[in-house]
Amino acid sequence: MTYVRRQFEGSDAYQLRGMAVTGELRGKGLGRRLYERSLQHVSDETGNELFWCNSQMRAKGFYERMGWNTAGEVFEIDGVGPHVRMVLQPRSTS
């Protein structure tokens, strides 16, 4: 899992890139645990941040269950397939 500091619609943000769990390990909660720990680590190191990603359509439901929202139309990445941009808003500190 990789996070890259990149602007999102003019705001400081981190882009989640390269998240994957091998086929035989999918559905066992490993991706969720990896995602939660890595997001917490980045948040702890950087403060409240905006996160975004280009989700493969087959992973869209996973991100929605983690609190992400769709932020655009479906688009194609050559050789990879259909994607949609998703965003996770900063957590409230109140």
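Use the structure listed above.
1. Observations concerning helix α1 (residues 30–46)
Part 1 of the reasoning: Taking 1.5 Å of rise per residue, the 17 residues of α1 would be expected to cover 24 Å, and the 24 Å separating its terminal C-alpha atoms lies within 8% of that figure.
Part 2 of the reasoning: Regarding α1, the residues found buried are Gly-31, Tyr-35, Ser-38, Leu-39, Val-42 and Ser-43. One face of α1 carries all of its buried residues, which in axial projection span an arc of 135°. What points out from α1, more than 90 degrees from its buried face, is the exposed set Arg-37, Asp-44 and Glu-45.
Part 3 of the reasoning: Lining the buried residues of α1 we find β1 (2–5), β2 (13–17), β3 (50–56), α2 (60–65) and β6 (81–88).

2. Quick notes on the environment of Tyr-3
Part 1 of the reasoning: With respect to the helices, strands and loops of the structure, Tyr-3 is situated in strand β1.
Part 2 of the reasoning: Residue class for Tyr-3 comes out buried when judged on its relative accessible area of 18%.
Part 3 of the reasoning: Along the sequence, Tyr-3 and Ser-38 sit 35 residues apart, while their C-alpha atoms lie 8.9 Å from each other.
Part 4 of the reasoning: The contact partners of Tyr-3, leaving out residues within four places of it in the chain, are Tyr-14, Gln-15, Leu-16, Tyr-35, Ser-38, Leu-39, Val-42 and Phe-51.
Part 5 of the reasoning: A polar contact of 2.9 Å, which involves the side chain of Tyr-3, links it to the side chain of Ser-38.
Part 6 of the reasoning: Within the structure, Tyr-3 has its side chain in polar contact with the backbone nitrogen of Leu-39 (distance 3.4 Å).

Calculation rules
- Residues numbered from 1 in each chain as written.
- Predicted model: local features only at pLDDT ≥ 70, side-chain atom pairs only at ≥ 80, totals over all residues.
- Heavy atoms only, no water.
- Helix = DSSP H or I, 4+ residues; strand = E, 2+ residues; numbered from the N terminus.
- Expected span 1.5 Å × (residues − 1).
- Buried < 20%, exposed > 50% of the residue type's maximum accessible area, 1.4 Å probe, protein only.
- Arc of directions from axis to C-beta.
- Contact = heavy atoms within 4.5 Å.
- Polar contact = N/O pair within 3.5 Å; in protein donor to acceptor, adjacent residues only side chain to side chain.

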